[in-house]
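# Coordinates in review
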Amino acid sequence: KQNSLTTLVRREIERRILEGELAPGSKLNEADLAGELRVSRGPVREAFRALEQTGLVRTEKNRGVFVRQVSLAEANEIYEVRAALEGMIGRLAAARIRPEQVERIREVVKKMHAVGRVRDAAAYFPLNVEFHDLLAEAAGNKALRANYRRVVNELDLYRRETLSRSAENIPISTKDHEAILDAVANGDGKLAARLLFEHVIESRERLHRALAKPPVPPAKPARAA
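The rules we used
- Positions within a chain are numbered from 1, following the residues in the order the chain's sequence is written.
- Reporting in this predicted model follows two pLDDT cut-offs: at least 70 for local features of residues, and 80 or more for side-chain atom pairs to be given and counted; totals over whole chains, interfaces and linings ignore these cut-offs and use all residues.
- Values reported for side chains reflect all heavy atoms of the structure, with hydrogen atoms and water molecules removed beforehand.
- The set of buried Ala, Val, Leu, Ile, Met, Phe, Trp, Tyr and Cys residues whose side-chain atoms join them within 4.5 Å is what this entry labels a nonpolar core.
- Under the scheme applied here, a residue whose accessible area is under 20% of the maximum for its type counts as buried, over 50% as exposed, and between as partly exposed, the area being computed with a 1.4 Å probe on protein chains only.
- Secondary structure elements follow DSSP: runs of H or I of four or more residues count as helices, runs of E of two or more count as strands, with numbering from the N terminus.
- Throughout, a contact is declared for two residues whenever any of their heavy atoms are within 4.5 Å.
- In this scheme, a helix's expected span is set at 1.5 Å multiplied by one less than its residue total.
- Here a polar contact is taken to be a pair of N or O atoms separated by no more than 3.5 Å, where protein atoms must pair a possible hydrogen donor with a possible acceptor and residues adjacent in sequence count only if both atoms sit in side chains.
- When a carboxyl oxygen of Asp or Glu lies within 4 Å of a side-chain nitrogen of Lys or Arg, that pair is called a salt bridge.
- Axis definition: a line fitted to C-alpha atoms, over the contacting stretch in the case of helices. Angles run 0 to 180 degrees between N-to-C directions.
- Each angle receives one of four descriptions, namely roughly parallel if under 35 degrees, roughly antiparallel if over 145, roughly perpendicular if within 65 to 115, and oblique otherwise.
- Crossings are assigned a handedness: left-handed for a near helix turned anticlockwise from the far helix by less than a right angle, right-handed for a clockwise turn.
- Note on residue classes: Ala, Val, Leu, Ile, Met, Phe, Trp, Tyr, Cys and Pro are nonpolar, Asp, Glu, Lys and Arg are charged, and everything else, Gly too, is polar.
- The predictor attaches a confidence to each residue, called pLDDT, with possible values from 0 through 100.
- Strands pair, by our definition, only if DSSP identifies at least two bridges between them.

On to the nonpolar core. Ile89, Ile105, Phe131 and Leu135 are the most contacted members of the largest nonpolar core, which has 45 residues in total. Secondary structure elements with two or more residues in this core: α4 (72-96), α5 (99-117), α6 (121-138), α7 (142-165), α8 (170-185) and α9 (189-211). Top contributing element to this core by residue count: α6, with 10 residues. Look past the residues within four positions of Leu135 in its chain and what remains in contact with it is Ile89, Ala93, Ile105, Ile180, Val184 and Leu196. Membership of the second largest hydrophobic core comes to 17 residues, among which are Val9, Leu18, Leu28 and Leu56.

Right, dumping it as structure tokens:
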């Protein structure tokens, strides 16, 4: 029960971080979270340890636990690591992916096309995450997938910001994903690895272009008739 409760708490804190409810650099209060989630402090403490291992939080001695804040210089380096991991995922997935996995990822790509037509960055982001997660799963290497998840967790803030500031590029990104899936489905590991590597490096370039633009203001609530 303790393990399952810790997992539920970890997932909820992780969701809040990845969806921006807990901002990078913000301090996490163990007692407050335990009260909000109606659990004892033990599962929250264990959840913090697990989240530190996945790169989402950091513990500072005598100061507490904070949502990890990745600098742009760090992000540049992490993108390079991600590109290498994605290339390996492409090679392995092309050799190991099962037909039902191909179909599941194709369904995600169809949704990406639909969302891309209306340039909905908020809806596109989880589909983008799901595409790459499913591909990592298809690679059939648990150690690779765990390292991949840690790296992308550290980049999620920047990936979300890139999409929100450059929604016009969503259809281009979707075509990239479709080409990657085709290469994997056809068993062309060399092409899949190259396309994934280039896709990640181009994502880093889009990040820099996006950060040069003003942030997208939040939508104003509609007035009552």
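Its 18 residues place the ends of α6 26 Å apart at the C-alpha level, agreeing with the 26 Å of an ideal helix rising 1.5 Å per residue. Along α6, 13 of the 18 residues are buried, which leaves the element largely enclosed by surrounding structure. Capping the start of α6 is the job of one residue whose side-chain oxygen sits 3.3 Å from the backbone nitrogen of Ala122: Asp120. Within two residues after α6, Gly140 carries a phi angle of roughly 70°, on the positive side.

Right, let's get into the pattern of salt bridges. This model, assessed by the stated rule, comprises 23 salt bridges. Between Arg49 and Glu46 there is a salt bridge, and its shortest N-O distance comes to 2.3 Å. Remark: Glu46 and Arg49 occur in helix α3 (residues 41-53); sequence separation between them is 3 residues, near one turn of the helix. You can call Arg49 partly exposed: its relative accessible area is 44%. Here Arg58 and Glu60 are joined by a salt bridge, their closest N and O atoms 2.7 Å apart. The class of Arg58 is partly exposed, set by a relative accessible area of 28%. Note on Glu60: relative accessible area 22%, which makes it partly exposed.

Moving on to the packing of α5 against α8. Two numbers describe how α5 lies on α8: the axes approach to 9 Å, and their chain directions differ by 165°. One element, α5, and the other, α8, form an angle in the roughly antiparallel class. For the crossing formed where α5 meets α8, the hand is left-handed. For the pair α5 and α8, contact is made by Val102, Ile105, Arg106, Val109, Met112, His113 and Gly116 and by Ile170, Pro171, Thr174, His177, Glu178, Leu181, Asp182 and Ala185, respectively. Classifying every residue of the contact of α5 with α8 by side-chain character gives 8 nonpolar, 4 polar and 3 charged.

Another point: the confidence of the model for the protein chain. Residue-level pLDDT values for the protein chain average 88, and 92% of them are 70 or greater. Counting contacts from residues 218-225, a segment whose pLDDT is below 50, to residues more than four positions away or on other chains yields 0 contacts.

This part takes up the environment of Leu51. Looking at where Leu51 falls in the secondary structure, it is placed in helix α3. Take Leu51: its relative accessible area is 0%, and that puts it in the buried class. Distance from Leu51 to Arg68, taken between C-alpha atoms, is 9.9 Å for residues 17 residues apart in sequence. When sequence neighbours within four positions are dropped, the list of residues in contact with Leu51 reads Arg10, Ile13, Glu14, Leu56 and Val57.

Moving on, we come to the sheet that holds strand β3 (residues 64-67). Each strand in a sheet pairs with its neighbour through backbone hydrogen bonds, running either in the same direction (parallel) or in the opposite one (antiparallel). The strand order β1-β3-β2 describes an open sheet built from 3 strands, whose pairing is antiparallel. Every interior strand has two partners, whereas the edge strands, β1 (27-28) and β2 (57-60), have only one. Direction of pairing for β1 relative to β3: antiparallel, over a ladder of 2 bridges. What sits directly across from Lys27, in β3, is Phe66. Packing against the sheet, α3 makes contact with β1, β2 and β3, and its axis sits at approximately 110° to β2.

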